[in-house]
Amino acid sequence: LYELNIKISNAFNYPLEIFEVMLRNTVNITLIKYYGEKWYEESFLLEHHKEKLKEVYKLLEKEKKDINLNNIISNVSLGFWVDFFHMKYINILSDKLIKNVFKVKISPFDLYNNLSKIKNKLRNRVAHRENIIKYNIMKEYYSLIIQMISFIDNDIAKYVDSKCEVKAIYNENK
């Protein structure tokens, strides 16, 4: 079972990485559109995001890297991007992000719940090699991540689905 769990986790890495990069890049592009290249210095950010950015600044200083947009966005976690869709941002930002990042209509509540499921129930379990077999999340969460990718770009979702091994592993072991 341990080897199967590793195999499944490895298979999930591909769609998770694609999803994370797509979400990060589309949110970043939208924030630039509304707040400029230095959106990370703007007052609309809530304390949680400001604290995360301070941690990134310290890391960049320690690594003797410039504090610039590219270094910042590549050093924040998936949770940083997901949290922009939390209800705390509903009046400040969510409408702008939802309509610019996602190509479908989805309620902010459902969107945040889906993003949180991917982050908390799938990505964190895969990254930490937790047992994902016992949670029987392969089919449900694979479908969810492909759906969320399709909400950003349907062609990329189709490509990821055609290249990913999760479904084949699931079918072999159900």
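Note that the structure is a prediction, hence the values are computed from the model and not measured. (Residues numbered from 1 in each chain as written. Predicted model: local features only at pLDDT ≥ 70, side-chain atom pairs only at ≥ 80, totals over all residues. Heavy atoms only, no water.)

Peer 1: Which parts of the structure should I look at to understand the side chain of threonine 30?
Peer 2: Residue position: threonine 30 is located in helix H1 (residues 2–35). Polar side-chain contacts of threonine 30 include one of 2.9 Å to the backbone oxygen of threonine 26. Once residues lying within four places of it in the same chain are set aside, the contact partners of threonine 30 are Lys96, Leu97, Asn100 and Val101. (Helix = DSSP H or I, 4+ residues; strand = E, 2+ residues; numbered from the N terminus. Polar contact = N/O pair within 3.5 Å; in protein donor to acceptor, adjacent residues only side chain to side chain. Contact = heavy atoms within 4.5 Å.)

Peer 1: Sorry if this is basic, but what is going on with the confidence of the model for the chain here?
Peer 2: For any part of a model where pLDDT is low, the fine detail of the predicted coordinates should not be relied upon. When pLDDT is averaged across the chain, the result is 90; 97% of the residues are at 70 or more. When mean pLDDT is taken per element in the chain, helix H8 (residues 154–163) scores highest with 96 and helix H9 (residues 166–173) scores lowest with 80. (pLDDT = per-residue confidence, 0-100.)

Peer 1: Can you help me understand the packing of helix H7 (residues 138–152) against H8 in this one?
Peer 2: Relative to each other, H7 and H8 sit at 145°, their axes nearing to 6 Å. Counting all contacts with H7, which are made through Tyr142, Ile146, Ile149, Ser150 and Ile152, the residues of H8 involved are Asn154, Ile156, Ala157, Val160 and Asp161. Its residues placed into classes, the contact of H7 with H8 shows seven nonpolar, two polar and one charged. (Axes fitted to C-alpha atoms, helices over the stretch in contact; angles between N-to-C directions. Nonpolar A, V, L, I, M, F, W, Y, C, P; charged D, E, K, R; others polar.)

Peer 1: Mind showing me how you'd approach unusual backbone geometry here?
Peer 2: Note: most residues except glycine have negative phi, and most peptide bonds are trans. Even without a glycine there, the phi angle at lysine 64 is positive, about 55°. Along the chain, lysine 64 falls in the loop between helix H2 (47–62) and helix H3 (69–73).

Peer 1: Got a minute to help me understand the packing of H1 against helix H5 (residues 90–101) in this structure?
Peer 2: Packed helix pairs are specified by the crossing angle of their axes together with the interaxial distance, meaning the distance between the axes. Across the interface, H1 lies against H5 with an axial gap of 10 Å and an inter-helix angle of 120°. Overall, the two elements H1 and H5 adopt an arrangement that is oblique. Note that H1 runs across H5; the crossing there is right-handed. Residue-level inspection shows Leu23, Thr26, Val27, Thr30, Leu31, Lys33, Tyr34 and Tyr35 of H1 in contact with H5, the latter providing Ile92, Leu93, Lys96, Leu97, Lys99, Asn100 and Val101. (Parallel < 35°, antiparallel > 145°, perpendicular 65-115°, else oblique. Left-handed = near helix turned anticlockwise from the far one by under 90°.)

Peer 1: How should H7 be read in this particular structure?
Peer 2: Since there are 3.6 residues in each turn of an α-helix, residues three or four apart along the chain are aligned in direction. End to end, H7 covers 21 Å across 15 residues, agreeing with the expected 21 Å (1.5 Å per residue, within 8%). When you tally the buried positions in H7, you get 11 out of 15 residues, the bulk of the element. All of the buried residues along H7 are Met138, Tyr141, Tyr142, Leu144, Ile145, Ile146, Met148, Ile149, Ser150, Phe151 and Ile152. Turning to H7, the residues buried within the fold contact H1, H5, helix H6 (108–127), H8 and H9. (Expected span 1.5 Å × (residues − 1). Buried < 20%, exposed > 50% of the residue type's maximum accessible area, 1.4 Å probe, protein only.)

Peer 1: Would you take a moment to explain the environment of lysine 50 for this structure?
Peer 2: Here lysine 50 is to be found in helix H2. Along the sequence, lysine 50 and tyrosine 40 sit 10 residues apart, while their C-alpha atoms lie 8.2 Å from each other. Excluding its chain neighbours within four sequence positions, the residues that come into contact with lysine 50 are Ser43 and Leu45.

Peer 1: Could you clarify how one ought to interpret the side chain of serine 9 in this entry?
Peer 2: Structurally, serine 9 is set in helix H1. When its relative accessible area of 0% is taken as the criterion, serine 9 is described as buried. Here serine 9 is in contact with Val126, Arg129 and Ile132, once residues within four sequence places are set aside.

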